[in-house]
Amino acid sequence: MANSGPTSGKKPLNSVTLLFKLPYYTQWGQSLLIAGSEPALGSWNVKQGVSLSPVHQDSELIWCGSMSVVSGFTCEYKYYVVDDSKNVLRWEAGEKRKLVLPEGVKEGDVIEIRDWWQDASEALFFRSAFKNVIFNATEGVKESQLVSLNKSLDPEDIVVQFVISCPRLVSGSTVVVTGSNPQLGRWQTQDGLKLSYVGDSLWEASCALRKSEFPVKYKYCQISQAGNSSLELGPNREVNVDLSSPKQSRYIVLSDGALRDAPWRGAGVAVPIFSIRSNEDLGVGEFLDLKLLVDWAVNSGFHLVQLLPINDTSVHGMWWDSYPYSSLSVFALHPLYLRVQALSDAIPADVKEEIQQAKKQLDKKDVDYEAALSTKLSIARKIFNLEKDKVLNSSSFKQFLSENEEWLKPYAAFCFLRDFFETSDHSQWGRFSQFSKEKLDKLISEGTLHHDVIRFHYYVQYHLYIQLSEAATYARKKKVILKGDLPIGVDRNSVDTWVYPTLFRMNTATGAPPDYFDKNGQNWGFPTYNWEEMSKDNYGWWRGRLTQMAKYFTAYRIDHILGFFRIWELPDHAATGLVGKFRPSIPLSQEELLSEGLWDFNRMSQPYIRQEILEEKFGSFWTVIAANFLNEYQKQCYEFKDDCNTEKKIIAKIQTSAEKSLLLEKEDSVRRGLFDLLQNIVLIRDPEDSTKFYPRFNLEDTSSFRDLDEHSKNVLRRLYYDYYFARQENLWRQNALKTLPVLLNSSDMLACGEDLGLIPACVHPVMQELGLIGLRIQRMPSEPNLEFGIPSQYSYMTVCAPSCHDCSTLRAWWEEDEGRRSRFYKTVVGSDEEPPSRCTPEVVHFIVQQHFDAPSMWAIFPLQDLLALKDKYTTRPAPEETINDPTNPKHYWRFRVHVTLESLLDDKDIQATIKDLVTSSGRSFPGKKVEGADESGEKLSKMQLNGKA
């Protein structure tokens, strides 16, 4: 009976009234309600929650609601913003609120609960990155009983319960509330009301105040182990009561949100695992090298190490697989990062010698992907053959297999079939093309000739798990966040598309429209997602991915977060990324176009090829092009032949044409010219519904558009703008709010979103609403009409960086464009002098300092940019330090830092230089509070004591 719902009719004995109050501004048509764990609050059914009503109180809009419950009532609850039909528009962030009625409530009492909306940015500090890594101030702190009032209440007394959240509390500190009346110490912090820790970073205390003492002004204060007090920032808080109310609240619960402290700002380093170099690696960085990288990060003042994806990408069996965003499995780790020396304590002498020889042979300037992987797997097989029974019969391996078998067994079977059939294209696997549990069980069963092959893949994944777990545990102990990367796609020939084919649209490819990285757009080749199918089990595949990542990481980057709003979808026969459409999106209907006076759909949606265009593009060579690739369907008007009417067919035909030798001499220009012809359209016809159309990106750049009449041009301009910048916004917002919250709630990792490119207007409000941290790259400003971003104007909920893995490093960027370099030097550095031709350490220092000083929550720097602070690390040609070239779909991801982590750890000078930048900018140093925070807190406390604040 303790948690019975609202009473109706005759009230039960011991009934009390709960009065909820929450200040919150809404838009027209929106209202607030409470839903919670008990029937009184709808049992988490929002439509059956308790509706609140708005009341204007001075300049605030206060949402109020009441309910009657029995005196022992407890529950969990949250606030929701809903529309007129009680459809959820947004909900507050953070953990569920817990309500336990104050001690001593009696029949008829009114308990007033004054809450603050839990903002998503505040809730971030309850994520594992902060809670379990950086701030563990309450680790070992036992929850304590709330101090009893130890007095009988006078009719003139009102009990006030102070509740404050302190997720960023300095280790060993306690919390008090101090204020304007004697019970709160009259602003003497040492005499303030001491709060008790009650769990989940919450501190509480109650005191009885006379009605005549209201209004009461107060603030919360941290007191360190050494006795130093640090008063919270901002204006005084105030609690008042309405003495004219006929039904006076006897108890007031002040749920005051988070203790107001200076915004926490951290710093980190970004580098792919394959790029780091150590004395122990075999030609490529390894998971266990992360321990050295963590040590270097700590010595340099960093709280975070950011990596690229680490999943297995062994699709083709060649260097193409170096592309880390094309996963063979979203669950399996990449064998490339295995340290073979750590596989056993009893490696035979001949294998040890082989390892030493391999170390010498693979110690190259760049990663030799194929050689490094094949060497590691060869050595691992020899060790496996020696100790397989011992390892595979161990309790730790059996536990690993049990906890991971859902993905591990299909992965091992896939790897066996890939090697047996010599292709990852599972459509070529005969009866194994279609996955089934029965086929899998037979394939991996004991007694088969290939059973040891299957078990070898288990063995490798087990050791990868052990080694990465060891590195992850080490990072946590050192208060360093490991930040992983969640790729937006999977390879179409992957374990995931084999096991879960209905989750993917295999006749499509993903990419990005033209942007800073590539004016022709990007085609990543991944199949797009079937979100409707994924939603049937509440996105279980995504939830599984995040759960797996959280075993190792406490933060992650969501690759191409725009894909959760809408994805740039291309037909699978496309080779480039230009002629695509957004999915989902609202197309232009045939009826809509007809009503606008557009009727010649074939003219606008088929390649517009005229003889003068051919002559202009190919010169005298146009006749060869026309003879091989085109049909003249009427005088001087051409269309593509059936065997070359797609980009992939064009590529194939150039290789097999009778004029092959002639064409191959000009292969690049011929291919690009034919692609231009194929893309010379203004409307894309939907392949699944011929009555729907999409405006081609940058349609005004085409001769097809230029040759239209003025009326058609004006209509298409307006429809183009509407399609790309207006009509989709609500659809995309709703799409993101279906999927992104599932990701965020699947783990307690801190989430950041890579939000570069063509950004719809709905993206940043949704990211802010969900507490997602965005990315700011200075050379790619999100603000219109700016060539260079202004770090000092970045918002707090961002990661700022001078460069990233998808663009050139600072040094290379500086040397790429003399005009841009001069403009940067004048407008950003503020100098009218001629800029140096190379990016000197002084220039690097200026740019890096800008980013350290930015308001962004995180400043994360590629390791190459940090090492450029010292001349000794800039001897390598700058372009060689670039990790990826987004314009090249077959780019070889192989960059290696040219110095070992051991030598970087020995270089105290570079570590001291970076550490000075971290501390002087006020960014947090591992194990310490933000530099100067204690002093500012002391000053503020003294101002309070003098009555000046």
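Residues numbered from 1 in each chain as written. Predicted model: local features only at pLDDT ≥ 70, side-chain atom pairs only at ≥ 80, totals over all residues. Heavy atoms only, no water.

Colleague: Could you give me a rundown of the overall build of the protein chain, with the residues and numbers involved?
Modeller: Within the protein chain, the regular secondary structure consists of 29 helices and 38 strands. For 949 residues, the compact-globule estimate of 2.2 N^0.38 gives 30 Å, and the protein chain sits close to it at 32 Å. Overall, the C-alpha framework of the protein chain stretches about 105 × 80 × 75 Å when taken along its three principal axes. In the protein chain, of all internal contacts separated by at least 6 residues, the share reaching a separation of at least 24 is 73%. Carbon together with sulfur atoms contributes 50% to the accessible area of the protein chain, which is approximately 40,400 Å² in total. (Helix = DSSP H or I, 4+ residues; strand = E, 2+ residues; numbered from the N terminus. Rg over C-alpha atoms; globule rule 2.2 N^0.38 Å. Contact = heavy atoms within 4.5 Å. Areas by Shrake-Rupley, 256 points an atom, 1.4 Å probe, with all protein chains shown as cover.)

Colleague: Summarise the side chain of K219; cite the residues concerned and give the values.
Modeller: The residue K219 is located in strand β15 (residues 216-223) in this model. No salt bridge is formed by the buried K219; its nearest oppositely charged neighbour, E232, is found at 6.3 Å. (Buried < 20%, exposed > 50% of the residue type's maximum accessible area, 1.4 Å probe, protein only. Lys, Arg positive; Asp, Glu negative; His and termini not counted. Salt bridge = Lys/Arg side-chain N within 4 Å of Asp/Glu carboxyl O.)

Colleague: How would you explain the sheet that holds strand β27 (residues 567-571) if you had to name every residue and give the values?
Modeller: In space, the four strands of this open sheet follow the order β24-β23-β27-β28, with antiparallel pairing throughout. Looking at which strands have only one partner, the edges of the open sheet turn out to be β24 (522-523) and β28 (581-583). Relative to β24, strand β23 (residues 508-512) runs antiparallel, the two being bridged by two bridges. Residue pairing across strands places G511 opposite N523, the latter belonging to β24. (Pairing = 2+ DSSP bridges.)

Colleague: A description of the sheet that holds strand β30 (residues 609-610) should follow, citing residues and the corresponding values.
Modeller: Read from one edge to the other, the open sheet built from three strands follows the order β30-β32-β31, with strand pairing classed as antiparallel. The strands lining the two open edges of the sheet, one partner per strand, are β30 and β31 (630-634). The pairing of β31 with strand β32 (residues 637-640) spans four bridges and is antiparallel. Bridge assignment links E632 to a residue of β32, and that residue is Y638.

Colleague: Tell me about helix α4 (residues 349-362), residues and numbers included.
Modeller: The first and last C-alpha atoms of α4 sit 20 Å apart over 14 residues, in line with the 20 Å expected at 1.5 Å per residue. Among the residues making up α4, those that are buried are V351, I355, A358, K359 and L362. Down the axis of α4, the buried set is contained in an arc of 105 degrees. They therefore lie on one face. The exposed residues of α4 that point more than 90 degrees off its buried face are A349, D350, K360 and Q361. (Expected span 1.5 Å × (residues − 1). Arc of directions from axis to C-beta.)

Colleague: Can you lay out helix α24 (residues 818-827) for me, pointing to particular residues and giving the numbers?
Modeller: Taken together, the buried positions of α24 are occupied by R820, R821, F824 and Y825. End-on view of α24: buried residues confined to an arc of 135 degrees, all on one side of the axis. Exposed residues lying more than 90 degrees from the buried face of α24 are E818, K826 and T827. For α24, the secondary structure elements touched by its buried residues are α23 (810-816) and α25 (841-853). Where α24 begins, the capping side chain belongs to D817, and its oxygen is found 3.0 Å from the backbone nitrogen of G819. (Polar contact = N/O pair within 3.5 Å; in protein donor to acceptor, adjacent residues only side chain to side chain.)

Colleague: I'd love a proper account of the packing of helix α14 (residues 611-618) against helix α18 (residues 667-678), names of residues and values included.
Modeller: Where α14 contacts α18, the axes come no closer than 11 Å and their chain directions differ by 150 degrees. With respect to α18, the element α14 is oriented roughly antiparallel. Crossing angle aside, the handedness with which α14 passes α18 is right-handed. Mapping the contact onto sequence places I613, L614, K617 and F618 in α14 and S669, V670, G673, L674, D676 and L677 in α18. The class makeup of the residues in the contact of α14 with α18 is six nonpolar, two polar and two charged. (Axes fitted to C-alpha atoms, helices over the stretch in contact; angles between N-to-C directions. Parallel < 35°, antiparallel > 145°, perpendicular 65-115°, else oblique. Left-handed = near helix turned anticlockwise from the far one by under 90°. Nonpolar A, V, L, I, M, F, W, Y, C, P; charged D, E, K, R; others polar.)

Colleague: I'd love a proper account of the environment of P487, names of residues and values included.
Modeller: Tracing the chain through its elements places P487 in the loop between β21 (481-486) and α9 (495-499). Overall, P487 belongs to the buried group, its relative accessible area being 1%. Here the alpha-carbon distance between P487 and L308, two residues 179 residues apart in the chain, equals 9.0 Å. In this structure P487 touches P309, Y325, S327, R545 and D559, once residues within four positions along its chain are discounted.

Colleague: Residue-level account of the pattern of salt bridges, with values.
Modeller: Scanning all chains against the criterion turns up 57 salt bridges. With a shortest N-O distance of 3.0 Å, K409 and E405 are connected by a salt bridge. With K409 and E405 both in helix α6 (residues 395-421) and four residues apart, the pair spans about one turn of that helix. Judged by its relative accessible area of 22%, K409 falls in the partly exposed class. The closest approach of N and O atoms between R838 and D871, which form a salt bridge, is 2.9 Å. You can see R838 sitting in the loop between α24 and α25 and its partner D871 sitting in the loop between α26 (863-867) and α27 (901-906), a full 33 residues away along the chain. For R838, a relative accessible area of 34% translates into the label partly exposed. Counted as one network, the salt bridges with shared partners bring together R505, E569, K581, R583 and E688.

Colleague: Tell me about the state of the cysteines, and please be specific about residues and values.
Modeller: Summed over the entire model, instances satisfying the criterion amount to zero disulfides. C166 carries a free sulfur, and the closest cysteine sulfur to it, the one in C221, is 10 Å from it. This cysteine, C752, is not joined by any disulfide, and C800 carries the nearest cysteine sulfur, 12 Å off. With relative accessibility at 5%, the residue C752 sits in the buried group. (Disulfide = S-S within 2.5 Å.)

Colleague: Lay out the pairing of strand β5 (residues 60-70) in plain terms, naming residues and giving numbers.
Modeller: Within β5, nine of the eleven residues are buried, leaving the element largely enclosed by the surrounding structure. Here nine bridges tie strand β1 (residues 15-23) to β5, and the two strands are oriented antiparallel to one another. Each bridged residue has a counterpart across the sheet, and for T17 the counterpart in β5 is S68. Note: strand β4 (residues 53-57) against β5, five bridges, orientation antiparallel.

Colleague: Give a detailed account of the nonpolar core, specifying residues and quantitative values.
Modeller: By size, the foremost hydrophobic cluster in this structure holds 186 residues, and its most contacted members are W296, F302, W541, W542 and Y556. When sequence neighbours within four positions are dropped, the list of residues in contact with W296 reads V269, F302, L863, L866, L904, L905, I910, Q911 and I914. In terms of nonpolar packing, the next biggest core, distinct from the first, is built from 30 residues, L18, L41, L61 and M67 among them. (Core = buried A, V, L, I, M, F, W, Y, C linked by side-chain atoms within 4.5 Å.)

Colleague: Describe in detail a negative patch on the surface, supporting the description with residues and values.
Modeller: On the surface, E612, E615, E616 and D707 cluster together to form a negatively charged patch. Owing to a relative accessible area of 46%, E612 belongs among the partly exposed residues under this scheme. (Patch = residues over 30% accessible without salt bridge, like charges linked within 9 Å, V, L, I, M, F, W, Y side chains within 5 Å. Charge placed at Lys NZ, Arg CZ, Asp CG, Glu CD.)

Colleague: With reference to specific residues and values, describe unusual backbone geometry.
Modeller: Each neighbour pair has its own omega, and for F214 with P215 the value is 0 degrees, a cis peptide bond. Mapped onto the elements, P215 comes out in the loop between β14 (202-210) and β15. Note the cis peptide between R583 and P584, where omega equals -5 degrees. Although it is not a glycine, W44 adopts a positive phi angle of roughly 70 degrees. Take W44: it is sitting in the loop between β2 (31-36) and β3 (50-51).

Colleague: Describe the pairing of strand β18 (residues 251-258), and please don't skip the residues or the numbers.
Modeller: Along β18, six of the eight residues are buried, which leaves the element largely enclosed by surrounding structure. Note: strand β9 (residues 110-114) against β18, four bridges, orientation parallel. The partner of E112 across the bridge, within β18, is I252.

Colleague: Any details on the packing of aromatic side chains? Residues and values, ideally.
Modeller: In total, this model carries 70 aromatic pairs according to the counting rule given. Taking 4.6 Å as the distance between ring centres and 45 degrees as the angle between the ring planes, the aromatic pair formed by F125 and F130 counts as tilted. By relative accessible area, which is 6% here, F125 ends up buried. Take F130: its relative accessible area is 0%, and that puts it in the buried class. Of the aromatic side chains, those joined through ring pairs into one cluster are W568, F582, Y694, F697, Y720, Y721, Y723, Y724, F725 and W732. Above the plane of the ring of Y474 lies K291, whose end atom (NZ or CZ) is 5.4 Å from the centre. (Phe/Tyr/Trp six-rings, centres within 6.5 Å; stacked < 30°, edge-to-face > 60°. Lys NZ or Arg CZ within 6 Å of the ring centre and 35° of its normal.)

Colleague: So what's going on with the environment of E787? Residues and values would help.
Modeller: Its location among the elements puts E787 in the loop between β36 (774-777) and β37 (798-801). Take E787: its relative accessible area is 34%, and that puts it in the partly exposed class. The spatial distance from the C-alpha of E787 to the C-alpha of G597 is 39 Å, given a sequence separation of 190 residues. The residues touching E787, leaving out its near neighbours within four places in the chain, are Q778, R779, P781, R820 and R823. Reaching out from E787, the side chain makes a polar contact with the side chain of R823 at a distance of 2.7 Å.

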